[in-house]
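The chain contents come next:
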Amino acid sequence: MDKTVISVKELTKQFMKQKAVDNVSFSIKEGMICGLIGPNGAGKTTIMKILGGLVLPTQGSIQLYGGFSEKELAHARSRMSFMIETPYAKAKMTAKENLTKQCLQKGVPDLKRIDEVLEIVGLGDTGKKKVGNFSLGMRQRLGIAGALLTKPEIMVLDEPVNGLDPEGIVEVRELLLRLNRDNHITILISSHILAELSQMCTDYMFINKGKMVSFRSAEELRKECSDYFCIHTDNDSLAAAVLSEKMGITTFDTADDGSIRLFDNFDDIRTVSKTLYENGVIPLTMYVHEANLEQYYMNMVGDQNAEHYKISDIHNEA
């Protein structure tokens, strides 16, 4: 996952006096499933629309597959698909009829692709059933089928599980994981159901009031949402070496202030302290940091619509 496929630099979009997106920068590498997280009105959909060319930025730049000119962006977008806001489908038409119309609109010459994508999303047996009789989960999967018609390498999905019941959410999640695994599709997905994102995303972007407030890998987020024992000594670099070489402890990292965050061996902390002392390291402060997951989320995006975002689910499901 070394190739950067989406790069956004100092992106700003202003509507009248309101900045919907404010100086946002990020990059997405090939193979990622990247979750875009933030309360309603944070700027998530605007960012996706700019990536899709539906909205022009006020300032800043985007690169898709390394291209940034209008011609290069248009070519890159032909390798991508976008499902932004509610996917449209005619209620009085079948799934196949809707996708046939989309093939004509998108210039997809091979109509055999329709049956292929219907099978991929689990709608191959809907036959003459009208879309008006579909469940919301089926409609969302039909929207994803439409996004797959052009065989995209990147999918940009805005709230694809919004409003779904638990069964529908699981169906969409498993579908996206399969597309990423089997078809190597890079996915940028926004959602307010963090428990679901935690089971599929490799990376997370937190945005609030148009500003990017954090970009974390899944591993970084798990660490920040875990309890740890904080140790500060008179020689933190030597302390780290002692933990690793003398005790074989590897589940720790070093904070910006040099202190050590120990994620394991909580029950053996006396032995840890004794071993440090015997090897010439004097512990100055030692305490348990209990993860406050709700506060972590509040620090990332503030309290706006906080009840809709349960970051504790990331901890529970990861």
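To be clear, the structure that these remarks concern was listed above.
Residues numbered from 1 in each chain as written. Predicted model: local features only at pLDDT ≥ 70, side-chain atom pairs only at ≥ 80, totals over all residues. Heavy atoms only, no water.

**Student:** Provide a residue-level description of the sheet that holds strand β13 (residues 283-289), including the pertinent values.
**Tutor:** Strand order in the open sheet made by the 4 strands is β11-β12-β10-β13, with antiparallel pairing throughout. A single partner strand is all that each edge strand has here, and the edge strands are β11 (252-254) and β13. Put simply, the sheet's adjacent strands are angled 20° from each other on average, direction ignored. Relative to strand β12 (residues 260-262), β11 runs antiparallel, the two sharing 3 bridges. Bridge pairing in β12 places Phe 252 opposite Leu 262. Strand contacts of helix α9 (residues 236-245): β10 (228-233), β11 and β12, with the helix running at about 30° to β12, the strand carrying the most contacts. (Pairing = 2+ DSSP bridges. Helix = DSSP H or I, 4+ residues; strand = E, 2+ residues; numbered from the N terminus. Axes fitted to C-alpha atoms, helices over the stretch in contact; angles between N-to-C directions. Contact = heavy atoms within 4.5 Å.)

**Student:** Give me the lowdown on helix α3 (residues 95-106), citing residues and values where you can.
**Tutor:** An ideal rise of 1.5 Å per residue puts 16 Å on 12 residues; α3 measures up with 16 Å between its terminal C-alpha atoms. Among all positions of α3, only Ala 95, Asn 98, Leu 99, Gln 102 and Cys 103 are buried. End-on view of α3: buried residues confined to an arc of 145°, all on one side of the axis. One or two residues past the end of α3 sits Gly 107, with phi positive at roughly 70°. (Expected span 1.5 Å × (residues − 1). Buried < 20%, exposed > 50% of the residue type's maximum accessible area, 1.4 Å probe, protein only. Arc of directions from axis to C-beta.)

**Student:** Describe in detail the packing of α3 against helix α4 (residues 112-120), supporting the description with residues and values.
**Tutor:** Where α3 meets α4, the closest approach of the two axes is 10 Å, and the angle between their N-to-C directions is 125°. If you check the angle between α3 and α4, you find them oblique. Remark: the crossing between α3 and α4 carries right-handed chirality. Residues Ala 95, Lys 96, Leu 99, Thr 100 and Cys 103 of α3 pack against Ile 114, Asp 115, Val 117 and Leu 118 of α4. In the contact of α3 with α4, the residues fall into 6 nonpolar, 1 polar and 2 charged. (Parallel < 35°, antiparallel > 145°, perpendicular 65-115°, else oblique. Left-handed = near helix turned anticlockwise from the far one by under 90°. Nonpolar A, V, L, I, M, F, W, Y, C, P; charged D, E, K, R; others polar.)

**Student:** Before we move on, could you go through the sheet that holds strand β8 (residues 203-208) and cite the residues and values that matter?
**Tutor:** Within the open sheet, the 6 strands sit side by side as β5-β6-β7-β3-β8-β9. Their pairing is mixed. Unpaired on one side and paired on the other, β5 (80-83) and β9 (211-217) mark the two borders of the sheet. Recorded for the sheet is a direction-independent mean angle of 15° between the axes of neighbouring strands. Direction of pairing for strand β6 (residues 154-158) relative to strand β7 (residues 186-190): parallel, over a ladder of 5 bridges. Paired with Leu 157 across the bridge in β7 is Ile 189. Docked against the sheet, helix α1 (residues 44-51) engages β3 (33-37), β5, β6, β7 and β8, running at close to 145° with respect to β7.

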